[in-house]
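# Coordinates in review
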Amino acid sequence: SIGAINTTDLLPTQLRQPNGDPYDVIVVTAVFGGVTANNRTLLQQAIQNRSAGAFFLFPDQCSSCAANVADITIPFVNAATGWGVTGGTNKTGAETVNLNTNSVAQASFSSFPTLAVNDYTDINNVPVNNALYMRLGAPIPPANPNINDLSFRTHHAAAVIVPRSQSYNGNGACIFVI
């Protein structure tokens, strides 16, 4: 566990196991102070270079937090994919979000048909297969059996998944962001 990434710059070696091997998963949480610009750059490079198999990003978007969605979610996903996702509605307070049962990745999350969230910004212009959880009240996007067909987009995604095959043209790490 590494803390204070809002004030202290990381070193690339801190994103690897002590023996230099990549981690399976790196979990990044960002709250009040956000993440320094240097650390955001380092984390993006680590995703691009697959310094871990997957990166789980949990940027809090409370009213007193840094602009974490604008600083982390949107640029990280767009750098890895070129999709052009955008920030949507900022939701304050507790809410439940629903699994997109038509996503090609939904089977891995089927034991979690809903998630409890608090103070988040949904994500727009997401390929339907990559919109993993949808804002309460948002329609479940229609099924698209071809994960590589990015032409069908949806709005109000609460969680997005980028598989390795779509991250930096197959060279990057998997990204899960909520």
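From a predicted model like this one, the values you see are computed outputs, not experimental measurements.

Moving on: the pattern of salt bridges. Tallied over the full model, the rule gives 3 salt bridges. Here Lys91 and Glu95 are joined by a salt bridge, their closest N and O atoms 3.6 Å apart. With its nearest N and O atoms 3.0 Å apart, the salt bridge here joins Arg135 to Asp122. Of this pair, Arg135 sits in the loop between strand S6 (131-134) and strand S7 (153-154) while Asp122 sits in strand S4 (residues 114-124); the two residues are 13 residues apart in sequence, bridging distant segments of the chain. Overall, Arg135 belongs to the buried group, its relative accessible area being 16%. On the basis of relative accessibility, which here comes to 0%, the residue Asp122 falls in the buried class.

Structurally, the position occupied by Ile5 is in the segment before strand S1 (23-30). For Ile5, a relative accessible area of 13% corresponds to the buried category. Note: C-alpha distance between Ile5 and Gly137 (132 residues apart in sequence) is 35 Å. For Ile5, the contacting residues outside a window of four places in its chain are Leu10, Val28, Thr29, Gly34, Val35, Thr36 and Asn39.

Of all hydrophobic cores here, the largest spans 34 residues; its most connected members are Leu43, Phe55, Leu57 and Val160. Mapped onto this core, the elements with two or more residues apiece are S1, helix H1 (37-48), strand S2 (52-59), helix H2 (68-81), S6, strand S8 (157-162) and strand S9 (174-177). The greatest single-element share of this core, amounting to 6 residues, is contributed by H2. Once residues lying within four places of it in the same chain are set aside, the contact partners of Phe55 are Ile26, Leu43, Ala46, Ile47, Ala173, Cys174, Ile175 and Phe176. Grouped together as the second largest cluster of nonpolar side chains are 13 residues, Leu132, Tyr133, Ala159 and Cys174 included.

Procedures and definitions
- Residues numbered from 1 in each chain as written.
- Predicted model: local features only at pLDDT ≥ 70, side-chain atom pairs only at ≥ 80, totals over all residues.
- Heavy atoms only, no water.
- Salt bridge = Lys/Arg side-chain N within 4 Å of Asp/Glu carboxyl O.
- Helix = DSSP H or I, 4+ residues; strand = E, 2+ residues; numbered from the N terminus.
- Buried < 20%, exposed > 50% of the residue type's maximum accessible area, 1.4 Å probe, protein only.
- Contact = heavy atoms within 4.5 Å.
- Core = buried A, V, L, I, M, F, W, Y, C linked by side-chain atoms within 4.5 Å.

It is worth stressing that arrangement in space is one thing and function is another; only the former is reported here.
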